[in-house]
Amino acid sequence: LNQLTEEALTNALVRLGRSGERWVVFVSGHGERSPERPANHDVSTWTAQLDKRGIKTRSLTLGGNTAIPDNTSVLVIAGPRVRYLPAEVKQVEQYLARGGNLLWLLDPGPLHGLERIAESLGIEPQRGVVVDPTSQALTGSSPTIIVVSRYGQHPTVQGFDLASVFPEAAGLSVQAPKDWDQQVLLDTAPSAWVETGKLSGAIRFDAGDDARGPVVLGVALARRQEQREQRVIIIGDGDFLSNAFLGNVGNLDLGVNLVNWLASDDSFINIPARTAPDQGLNLSHPAQLALFAVFLLLLPLGLMAAGLTVWWRRRKR
């Protein structure tokens, strides 16, 4: 412990409570969000919080490795911007085939060669970007910044009472294969819809083109695989865990919950990621002398003088 605060002590107890190492591996080489870089688009603030809880993170370039390491607790695909090579897609497929856990942070737009992975999981991102006038009224900004307070009954979000913010999210259509159990993690309010047109000017729902809400933004999949449960989470947005948006409402707590469930650390779900800061009053030496002079000398002497004055006047009557 470097400092005696509630947050530091809680994190130390969480680290001690984990059995073995937890490696969260981020696929890199395709413009994904980096766990190390400090840019607004990247996720280094989130991974720093995971590290405090005993979860190690690293980047992995698929093309430079023969396979995804066996000690990977969670593989993260966080918003690629260029197309995966067929051999790289095969590596991800082999990882899933042997029971690996996956966190896939989708963004609106193409899947960049990961269509086979999406098809094998029964995931189809909806064309367009989710918008919500109700969220716009709450945030006072763009209608594409979605405030979510609707959560499913999945252990990851059960009892989670914090709102979360998702900028420019993609809606998900999910029909998992028979061997997978699927549960909705979070969805939008009924006032939201998937906008397929331009996002400038007045945005209105167009029947026949746009998909009416509630819109599914996150889903969890699970299946039995070799005496253990394989777990997958797909979220239709990666910005909510980025350095620019992680500090909004419950985004950090939700992000930590996702990893705890995927790593099979269910007992650590819903432990607050941040606690109220310790409040201390540190006064300089002149300030201490001033307080001493005012409250221990001047104020008592003033009250004594006032009392003596009243007593003297009454005695003269």
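See the structure shown above.
About the thresholds
Residues numbered from 1 in each chain as written. Predicted model: local features only at pLDDT ≥ 70, side-chain atom pairs only at ≥ 80, totals over all residues. Heavy atoms only, no water. Helix = DSSP H or I, 4+ residues; strand = E, 2+ residues; numbered from the N terminus. Rg over C-alpha atoms; globule rule 2.2 N^0.38 Å. Buried < 20%, exposed > 50% of the residue type's maximum accessible area, 1.4 Å probe, protein only. Contact = heavy atoms within 4.5 Å. Areas by Shrake-Rupley, 256 points an atom, 1.4 Å probe, with all protein chains shown as cover. Lys, Arg positive; Asp, Glu negative; His and termini not counted. Charge placed at Lys NZ, Arg CZ, Asp CG, Glu CD. Polar contact = N/O pair within 3.5 Å; in protein donor to acceptor, adjacent residues only side chain to side chain. Pairing = 2+ DSSP bridges. Axes fitted to C-alpha atoms, helices over the stretch in contact; angles between N-to-C directions. Salt bridge = Lys/Arg side-chain N within 4 Å of Asp/Glu carboxyl O. Phe/Tyr/Trp six-rings, centres within 6.5 Å; stacked < 30°, edge-to-face > 60°. Lys NZ or Arg CZ within 6 Å of the ring centre and 35° of its normal.

(A) Summary view of the overall build of the protein. The helix and strand tally for the protein stands at seven helices and 15 strands. A globule of 317 residues ought to have a C-alpha radius of gyration of about 20 Å, yet the protein, at 27 Å, is considerably larger. Considered along the principal axes of its C-alpha atoms, the protein spans approximately 105 × 50 × 35 Å. Burial status across the protein gives 44% buried among its 317 residues. A separation threshold of at least 6 residues defines the contact pool for the protein, and within that pool the share at least 24 residues apart is 72%. When the accessible area of the protein is evaluated, it comes to approximately 16600 Å², of which 54% is carbon and sulfur surface. With 30 positive and 32 negative side-chain charges, the protein shows a spacing of 12 Å between the two charge centroids.

(B) Highlighting the environment of Thr 144. Counting through the fold element by element, Thr 144 comes out in the loop between helix H5 (133-139) and strand S7 (145-148). Judged by its relative accessible area of 7%, Thr 144 falls in the buried class. For the pair Thr 144 and Val 129, spaced 15 residues apart in sequence, the C-alpha to C-alpha distance is 7.1 Å. Residues in contact with Thr 144, not counting those within four places in the same chain, are Val 129, Val 130, Val 131, Phe 166, Pro 167, Glu 168, Ala 169 and Leu 199. Engagement of the side chain of Thr 144 in a polar contact is seen with the side chain of Ser 142, the distance being 2.8 Å.

(C) Here's a closer look at the sheet that holds strand S13 (residues 211-212). Taking strand neighbours across the sheet as the criterion, the three strands line up as S6-S12-S13 in an open arrangement whose pairing is antiparallel. Where the open sheet ends on each side, the last strands, each with one partner, are strand S6 (129-131) and S13. Across two bridges, the pairing between strand S12 (residues 193-195) and S13 is antiparallel. Residue pairing across strands places Trp 193 opposite Arg 212, the latter belonging to S13.

(D) Representation of the environment of Glu 6 in the model. Topologically, Glu 6 is positioned in helix H1 (residues 6-17). Since its relative accessible area comes to 48%, Glu 6 is described here as partly exposed. Each C-alpha atom of the pair Glu 6 and Ser 120 lies 44 Å from the other, and the pair is 114 residues apart in sequence.

(E) Quick peek at the sheet that holds strand S11 (residues 181-187). Here we have eight strands laid out as an open sheet, ordered S2-S1-S3-S4-S15-S14-S11-S8, and mixed in their pairing. Edge strands, defined here as strands with exactly one partner in the open sheet, are strand S2 (55-61) and strand S8 (150-151). Running at roughly 135 degrees to S2, helix H2 (residues 44-52) makes contact with strand S1 (22-28), S2 and strand S4 (102-105) of the sheet. Of the strands in this sheet, strand S3 (72-78), S4, strand S14 (216-224) and strand S15 (229-235) are in contact with helix H3 (residues 86-97), which crosses S3 at around 140 degrees.

(F) View of the side chain of Asp 132. Within the secondary structure layout, Asp 132 lies in the loop between S6 and H5. Within the buried set, Asp 132 has no salt-bridge partner at all; the shortest N-O distance to an opposite charge, 8.3 Å, is to Arg 212. Within the structure, Asp 132 has its side chain in polar contact with the backbone nitrogen of Thr 134 (distance 3.1 Å). Ignoring any residue separated from it by four or fewer positions in sequence, one finds Asp 132 in contact with Pro 143, Ile 146, Ala 189, Ser 191 and Ala 192.

(G) Fine view of the packing of aromatic side chains. For the coordinates displayed, the defined rule picks out five aromatic pairs. Ring centres 5.3 Å apart and planes at 85 degrees place the aromatic pair Tyr 151 and Phe 160 in the edge-to-face group. Classification of Phe 160 as buried rests on a relative accessible area of 9%. With 4.7 Å between their ring centres and 35 degrees between their planes, Phe 166 and Phe 240 make a pair best called tilted. You can see Phe 166 sitting in strand S9 (residues 164-167) and its partner Phe 240 sitting in the loop between S15 and helix H6 (251-262), a full 74 residues away along the chain. Here Phe 166 falls in the buried class, since its relative accessible area comes to 1%. Here the basic side chain of Arg 212 rests over the ring of Phe 205, its NZ or CZ set 3.8 Å away from the ring centre.

(H) Seen up close, the side chain of Arg 231. Position of Arg 231 among the secondary structure elements: in strand S15. By relative accessible area, which is 9% here, Arg 231 ends up buried. In this structure Arg 231 touches Gly 100, Asn 101, Leu 102, Leu 221, Trp 261, Leu 262, Ser 264 and Asp 266, once residues within four positions along its chain are discounted.

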